[in-house]
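Structural characterization, general
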Amino acid sequence: MPRDASPRRYLMCPPHYFRVTYSINPWMDPAKPVDLPVALAQWEDLRDRYLALGHTVALLDPLPGLPDMVFTANGATVIDGRVLGARFAHQERHREAEAHLEWFRAHGFIDIHEPAHINEGEGDFAVTASWLLAGRGFRSSPLSHDEAQEFFGRPVIGLDLVDPRYYHLDTALCVLDDGTDEIMYYPGAFSPGSRAVLARLFPDALVADGTDAGAFGLNAVSDGRHVLLPQAAAGLFEPLRERGFEPIGLDLGELLKGGGSVKCCTQELRL
Ligand code: ARG
């Protein structure tokens, strides 16, 4: 049975200043040059796919000196129009948080919380129908989980990330349907206890293997029907189709040099 898509609003930031000048995750190698025109074309392809599917894409102006700003998922978490700002773990990205807050202030958002604790936005927070899943271990502080629970009034499920290649929750877990608690994830990224929690809460989840996770296949965006994901995560396409989803493969290879793909480039504005 094909599923229903629902129209979404996304916040994206063009990679005009994207570079790999420092390394804060194992994917980043400053010695490997980035082809900027190709990065821009890949990003535009993602944006155009969203637009073609009927979604709205708002734009954040890129700032020089903030090469990771293209990864807007990290800049805030928005649920019911309420904005939980980010506080970045690494000094190299600190100024991105303020750029996001300014954008929200300028675009009519009123309920904005400037966080006391480190959280990297939707990099580590994932919204399902029942819970706010929250990653910790590499970036977001466990203290940010209580802060998010209090602000959003949603039960937070803390999940321990243990493999540095999967340093953000959104590199290892993707919400496929936020109306029904359906997810896909890679168990190898999580501690044994967190794996058990995921198996208990999501017994029907699509479980990815290390090959598809390593191709950043979990760094995907779903509108409830279409699932945009890296083309290289070939093993996920058939299981997604079997579940009634329509996988759409993309090549974001240049952005992967920064350790990000589809989801990292996309912040969802839930109004
Ligand atoms: N270079 C960035 C960092 O390490 C990549 C962020 C990817 N974003 C994400 N949502 N996983 O912070």
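Look above for the structure.
One structure accompanies this document, and this report is about it. Keep in mind the model is a prediction, meaning the values are calculated, not measured. (Residues numbered from 1 in each chain as written. Predicted model: local features only at pLDDT ≥ 70, side-chain atom pairs only at ≥ 80, totals over all residues. Heavy atoms only, no water.)

Moving on, we get to the pairing of strand S7 (residues 132-136). Every regular strand shows the same layout, with side chains that alternate between the two sheet faces. The element S7 is largely enclosed, with a buried count of 4 among its 5 residues. Connecting the antiparallel pair strand S6 (residues 125-127) and S7 is a turn made up of 4 residues. Relative to strand S8 (residues 156-160), S7 runs parallel, the two being bridged by 5 bridges. Residue pairing for S8: Ala134 is matched across the bridge by Gly158. (Buried < 20%, exposed > 50% of the residue type's maximum accessible area, 1.4 Å probe, protein only. Helix = DSSP H or I, 4+ residues; strand = E, 2+ residues; numbered from the N terminus. Pairing = 2+ DSSP bridges.)

Sheet architecture is open: 3 strands sit in the order S9-S10-S11, paired in mixed fashion. Pairing within the sheet leaves two strands with one partner each, and these edge strands are strand S9 (173-177) and strand S11 (206-207). The pairing of strand S10 (residues 182-185) with S11 spans 2 bridges and is parallel. The residue of S11 that forms the bridge with Met184 is Leu206.

Moving on, we come to unusual backbone geometry. Phi is positive for Asp80, which is not a glycine, with a value near 55°. Here Asp80 is to be found in the loop between strand S3 (76-79) and strand S4 (82-85). Even without being glycine, Asp181 reaches a positive phi, approximately 65°. Inspection of the secondary structure assignment puts Asp181 in the loop between S9 and S10. Under the relative-accessibility criterion, Asp181 is labelled buried at 18%.

Attention now moves to the sheet that holds S4. On the basis of which strands lie adjacent, the open sheet formed by 3 strands has the order S3-S4-S5 and mixed pairing. Either end of the sheet is taken by a strand with one partner, and the two such strands are S3 and strand S5 (112-113). Note: S3 against S4, 4 bridges, orientation antiparallel. Directly across from Ile79, in S4, lies its bridge partner Arg82. Helix H3 (residues 142-152) contacts S3, S4 and S5 of the sheet and is inclined by roughly 165° relative to S4. (Contact = heavy atoms within 4.5 Å. Axes fitted to C-alpha atoms, helices over the stretch in contact; angles between N-to-C directions.)

This part takes up the side chain of Arg93. Relative to the elements of secondary structure, Arg93 occurs in the loop between S4 and helix H2 (94-106). Once you skip the residues sitting within four places of it in the chain, Arg93 turns out to touch Tyr22, Ile24, Asp68, Phe71, Asn74 and Phe88.

So, about the pairing of strand S13 (residues 226-230). Across the 5 residues of S13, 5 count as buried, placing the element largely inside the fold. As judged from the 2 bridges shared by strand S12 (residues 221-222) and S13, these two strands associate in the antiparallel manner. Following the sheet pairing, Ser222 is matched in S13 by Val227. As defined by bridge partners, S13 adjoins strand S14 (residues 246-250) across 5 bridges and the pair is classed as parallel. Each residue of the ladder has a partner; that of His226, found in S14, is Glu246. Following the backbone out of S13, through helix H6 (residues 237-242) and into the adjacent parallel S14, one traces a crossover that is right-handed. (Right-handed = clockwise from strand over helix to strand, strands pointing away.)

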